[in-house]
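In case you want the letters, here they are:
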Amino acid sequence: MITLKSEREINQMSEAGKLLAACHKEIAKLIQPGITTMEIDQFVENFLMKNGATPEQKGYKGYPYATCASINDEICHGFPRKTPLKEGDIVTIDMVINLNGGLADSAWTYAVGNVSDQMKKLMNVTKTSLYKGIEQALVGNRLGDIGHAIQTYAESEGFSVVRDFTGHGIGPTIHEAPQIPHFGSPGRGPRLKEGMVITIEPMINEGTWFSQMDDNGWTARTVDGKWSAQYEHTLAITKTGPKLLTSQE
């Protein structure tokens, strides 16, 4: 069942989103060759604690960390590790935070030092596809309008859109109805209504869109070893257009 959020609930989630965005800005300062994603994970947990928030996904269905940290060919749900990041890597840090009962969810892909022109393009196309999807998050539009905008743009740039993982409704729990595919046909699926709060989080691959799971049961990676990027915002559907709750602007 799709639930509509009250103004009070959206404001509460907006406060969580502001804190999450501030955390991502701090992460951006830390990303460099030699740092480990385990160090980033520990930083996030400390940052949230100091600001009265908690990492919502830690313990969710047994997930053990405050963040997901997906490197290079990992699509999503990568485990933080003690292996240092290398020059030219890309890493996606994804987290859900809880601030006084309000949830917010955002992922961001970071370049580690200087990355190749191909990776710069992959990151740019992925981020742009996110915002093309957000442009379609209007009252009266359908979920397929979001996915179609993302898919047509990403594929026109020579990349593929992951099918096995989607955006979702959020609040008061992490994953709620509806699922938000990042591919599809326009004019299809449930209509967007004022009060819905959703995530849009395209995962865009350099090669094929097919994924495979690691033995840990969480981490998905590309089947061809090519790299993947992801950007995600939490947003509310309002009568005046989409309201980004995790904006870093």
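Described in the following lines is the structure provided in the data block.

What counts, and at which threshold
Residues numbered from 1 in each chain as written. Predicted model: local features only at pLDDT ≥ 70, side-chain atom pairs only at ≥ 80, totals over all residues. Heavy atoms only, no water. Helix = DSSP H or I, 4+ residues; strand = E, 2+ residues; numbered from the N terminus. Expected span 1.5 Å × (residues − 1). Buried < 20%, exposed > 50% of the residue type's maximum accessible area, 1.4 Å probe, protein only. Core = buried A, V, L, I, M, F, W, Y, C linked by side-chain atoms within 4.5 Å. Contact = heavy atoms within 4.5 Å. Pairing = 2+ DSSP bridges. Axes fitted to C-alpha atoms, helices over the stretch in contact; angles between N-to-C directions. Phe/Tyr/Trp six-rings, centres within 6.5 Å; stacked < 30°, edge-to-face > 60°. Lys NZ or Arg CZ within 6 Å of the ring centre and 35° of its normal.

Compared with an ideal rise of 1.5 Å per residue, which puts 19 residues at 27 Å, helix H3 (residues 117-135) spans 27 Å between its outermost C-alpha atoms and is within 8% of the ideal. Listing the buried residues of H3 in full gives Met119, Leu122, Met123, Val125, Thr126, Ser129, Leu130, Gly133 and Ile134.

It is worth spelling out the nonpolar core at this point. With 50 residues, the main nonpolar core has Ile27, Ile146 and Ile200 as its most contacted residues. Excluding its chain neighbours within four sequence positions, the residues that come into contact with Ile146 are Gly133, Gln136, Ala137, Ile180, Leu192, Ile198 and Ile200. The next biggest cluster of nonpolar side chains, apart from the first, holds nine residues, and it includes Ile10, Ile170, Ile174 and Leu245.

We now examine the sheet that holds strand S6 (residues 160-161). Judged by pairing direction, the sheet is antiparallel, and its three strands sit side by side in the order S6-S10-S13 without closing on themselves. Looking at strand neighbours, the two that pair on one side only are S6 and strand S13 (228-230), the edges of this open sheet. Bridging between S6 and strand S10 (residues 203-205) involves two bridges; their strand directions are antiparallel. Looking across to S10, one finds that Ser160 is bridged to Asn205. The strands touched by H3 are S10 and S13; relative to S13, the strand with the most contacts, the crossing angle is about 35°.

Turning our attention to the environment of Phe210. Structurally, Phe210 is set in the loop between S10 and strand S11 (211-213). What makes Phe210 partly exposed here is its relative accessible area of 43%. Taking the C-alpha atoms as reference points, Phe210 and Asp224, 14 residues apart in sequence, are found 8.3 Å from one another. Residue contacts for Phe210: discarding those within four places in its chain leaves Asn205, Arg221, Thr222 and Val223.

You can see Thr36 is positioned in the loop between helix H1 (7-30) and helix H2 (37-50). Residue classification places Thr36 among the buried residues on the basis of a relative accessible area of 9%. Residues in contact with Thr36, not counting those within four places in the same chain, are Arg81, Lys82, Thr83 and Pro84.

This part is about the sheet that holds strand S3 (residues 74-76). If you walk across this open sheet you meet the three strands as S3-S12-S11, and the pairing is antiparallel. Of all the strands in the sheet, just S3 and S11 have a single pairing partner and so form its edges. Adjacent strand axes in the sheet meet at a mean angle of 40°, parallel and antiparallel pairs treated alike. Note that S3 and strand S12 (residues 220-222) share two bridges and pair antiparallel. Opposite Cys76, over in S12, you have Ala220 as the bridge partner.

Turning our attention to the packing of aromatic side chains. Applying the stated criterion to the full structure yields seven aromatic pairs. Taking 5.9 Å as the distance between ring centres and 35° as the angle between the ring planes, the aromatic pair formed by Phe43 and Phe47 counts as tilted. Of the two residues, Phe43 and Phe47 both sit in helix H2, four residues apart, roughly one turn of that helix. Given a relative accessible area of 25%, Phe43 falls into the partly exposed group. Ring centres of Trp108 and Tyr231 lie 4.9 Å apart, and the angle between their planes is 85°; this geometry places the pair in the edge-to-face category. Of this pair, Trp108 sits in strand S5 (residues 102-111) while Tyr231 sits in the loop between S13 and strand S14 (233-238), placing them 123 residues apart in sequence. The exposure classification of Trp108 matches that of Tyr231, with both residues buried. Members of the aromatic cluster, connected to one another through ring pairs, are Tyr63, Tyr65, Phe79 and Trp218. Over the aromatic face of Phe183 sits the side chain of Arg163, whose NZ or CZ is 4.9 Å from the ring centroid.

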